[in-house]
Amino acid sequence: MRKICVFFAVLLAAVLSGCANTPEYLTSNDWIFCTDCNETIHFGSGGEFSYYCACGSPVGDSDLYDSYSFDENTGEVRLKPEGESFTVLRHDENRLLIDFGDRVKEFYNAGNDLLTCVSPQTGYDCDNRTAGYSSYVQIVGMKESLLVTAPAGYDGDDPEYRRLMMESETSDVAYSEWTLTLKDGEADSVYRDITEKEAAQIIDEGCGTAFIWYSHEGRIYKVMFFGSTQYY
């Protein structure tokens, strides 16, 4: 009987230790990636996992897995039954950056009422300009090798939004601009590469809505400003 008690004591300690290694920021709320069909990723406090789009379908092969483990030292999330893994590159209470290997995506805390997804208009992107983008944001500042970003739809007059801002390091950023005009059911699309100076002017004018791409190191390497006008 004593051996059995010791066994269960060790097992209980292992279970509790495993739960303690799962940080609260992962499990406190679901996380949303903003796209034409928003994607939700769920990390349960008991190790449950799911990843699905707004239509209810699984994202990729995520339906093959129903649980996960987390390595706090490396940021690696390993899915179970044994299979894929991905890495948390950066996080705070509102934003979560994940490297899936083939793509880096930024998720927003679904429990924060200020973080309403503004869906990008990728349906008009006939040239795949937005392919593989990491996040759809409002760039509110630029200084040296840093870009200050907030979720698209950011309200600069509301002080509550300020805590949603985040500074991100950059790495040889390629800047461009895509403008879209919609009239009588027709779409006129114009794309051009721009300089860093032009990018700074766009941001200063408060027109910094953009698609951004993160590297596997968590640095922004590509920015495409986006603007649209619709005539009725």
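Residues numbered from 1 in each chain as written. Predicted model: local features only at pLDDT ≥ 70, side-chain atom pairs only at ≥ 80, totals over all residues. Heavy atoms only, no water.

Caption draft 1: Summary view of the overall build of the protein chain. Each helix and strand in the protein chain was counted, giving three helices and 14 strands. In the protein chain, 50% of the contacts between residues at least 6 apart in sequence involve partners at least 24 apart. Counting every atom, the protein chain has about 12900 Å² of accessible surface; 48% of that belongs to carbon and sulfur. (Helix = DSSP H or I, 4+ residues; strand = E, 2+ residues; numbered from the N terminus. Contact = heavy atoms within 4.5 Å. Areas by Shrake-Rupley, 256 points an atom, 1.4 Å probe, with all protein chains shown as cover.)

Caption draft 2: Unusual backbone geometry, seen in detail. Cis peptide bonds are those with omega within 30 degrees of zero, and the linkage from Lys80 to Pro81 qualifies with 0°. Take Pro81: it is sitting in the loop between strand E5 (76-80) and strand E6 (85-91). Despite not being glycine, Glu144 has its phi angle at roughly 50°, a positive value. Within the fold, Glu144 resides in the loop between strand E9 (135-143) and strand E10 (146-151).

Caption draft 3: Inspection of the environment of Thr209 at higher detail. By secondary structure assignment, the location of Thr209 is in strand E13 (residues 209-214). Thr209 sits 70 residues away from Ile139 along the chain, and the two C-alpha atoms are 6.2 Å apart. A distance of 2.7 Å separates a polar atom in the side chain of Thr209 from a polar atom in the side chain of Gln138. (Polar contact = N/O pair within 3.5 Å; in protein donor to acceptor, adjacent residues only side chain to side chain.)

Caption draft 4: Quick peek at the pattern of salt bridges. Applying the stated rule across the entire model yields eight salt bridges. The salt bridge partner of Arg90 is Glu106, with a shortest N-O separation of 2.6 Å. With Arg90 in strand E6 and Glu106 in strand E8 (residues 104-109), this pair connects stretches of sequence that are 16 residues apart. In this structure, Glu177 and Arg192 form a salt bridge, with 3.0 Å as the shortest nitrogen-oxygen distance. On the criterion of sequence distance, the pair formed by Glu177 in strand E11 (residues 166-183) and Arg192 in strand E12 (residues 186-194) is long-range, its members being 15 residues apart. (Salt bridge = Lys/Arg side-chain N within 4 Å of Asp/Glu carboxyl O.)

Caption draft 5: Fine view of the side chain of Thr35. With respect to the secondary-structure elements, Thr35 resides in the loop between strand E1 (31-33) and strand E2 (39-43). Looking at Thr35, its side chain comes within polar contact range of the side chain of Tyr133, at 3.5 Å. If we skip the residues at most four places from it in the chain, Thr35 touches Ser119, Pro120 and Tyr133.

Caption draft 6: A look at the confidence of the model for the protein chain. Summary statistics for the protein chain give a mean pLDDT of 84 and a share of 90% for residues scoring 70 or more. With pLDDT under 50 throughout, residues 1-20 is counted as low confidence; its partners more than four residues away or in other chains account for one contact. (pLDDT = per-residue confidence, 0-100.)

Caption draft 7: Region of the structure containing the sheet that holds strand E3 (residues 49-53). In space, the eight strands of this open sheet follow the order E3-E2-E1-E8-E7-E6-E5-E4, with antiparallel pairing throughout. Two strands close off the open sheet at either side, each with one partner strand: E3 and strand E4 (67-71). Between one strand axis and the next, the sheet turns through 30° on average, direction left out of account. Sheet topology places E4 next to E5; five bridges connect them, and they run antiparallel. Bridged to Ser67 within E5 is Lys80. (Pairing = 2+ DSSP bridges. Axes fitted to C-alpha atoms, helices over the stretch in contact; angles between N-to-C directions.)

Caption draft 8: A negative patch on the surface, seen in detail. There is a patch of like negative charges on the surface, built from Asp61, Asp63, Glu84 and Asp102. Mapped onto the elements of the fold, Glu84 is located in the loop between E5 and E6. Taking the relative accessible area as the measure of exposure, Glu84 reaches 42% and is therefore partly exposed. (Patch = residues over 30% accessible without salt bridge, like charges linked within 9 Å, V, L, I, M, F, W, Y side chains within 5 Å. Lys, Arg positive; Asp, Glu negative; His and termini not counted. Charge placed at Lys NZ, Arg CZ, Asp CG, Glu CD. Buried < 20%, exposed > 50% of the residue type's maximum accessible area, 1.4 Å probe, protein only.)

Caption draft 9: Representation of the environment of Ser176 in the model. Inspection of the secondary structure puts Ser176 in strand E11. With residues up to four places along the chain from it excluded, the contact list for Ser176 reads Tyr191, Arg192, Asp193, Ile194, Val223, Met224 and Phe225. At 3.4 Å, the side chain of Ser176 and the side chain of Tyr191 are in polar contact.

Caption draft 10: Representation of the nonpolar core. The biggest cluster of nonpolar side chains holds 30 residues, and the ones touching the most others in it are Ile41, Phe43, Phe49 and Leu96. Residues within four places of Ile41 in sequence aside, it is in contact with Asp30, Trp31, Phe49, Ser50, Tyr51, Phe86, Ile98, Phe100 and Phe107. Leu97, Ile202, Ile203 and Ala210 belong to the second-largest nonpolar core, a separate cluster that totals 24 residues. (Core = buried A, V, L, I, M, F, W, Y, C linked by side-chain atoms within 4.5 Å.)

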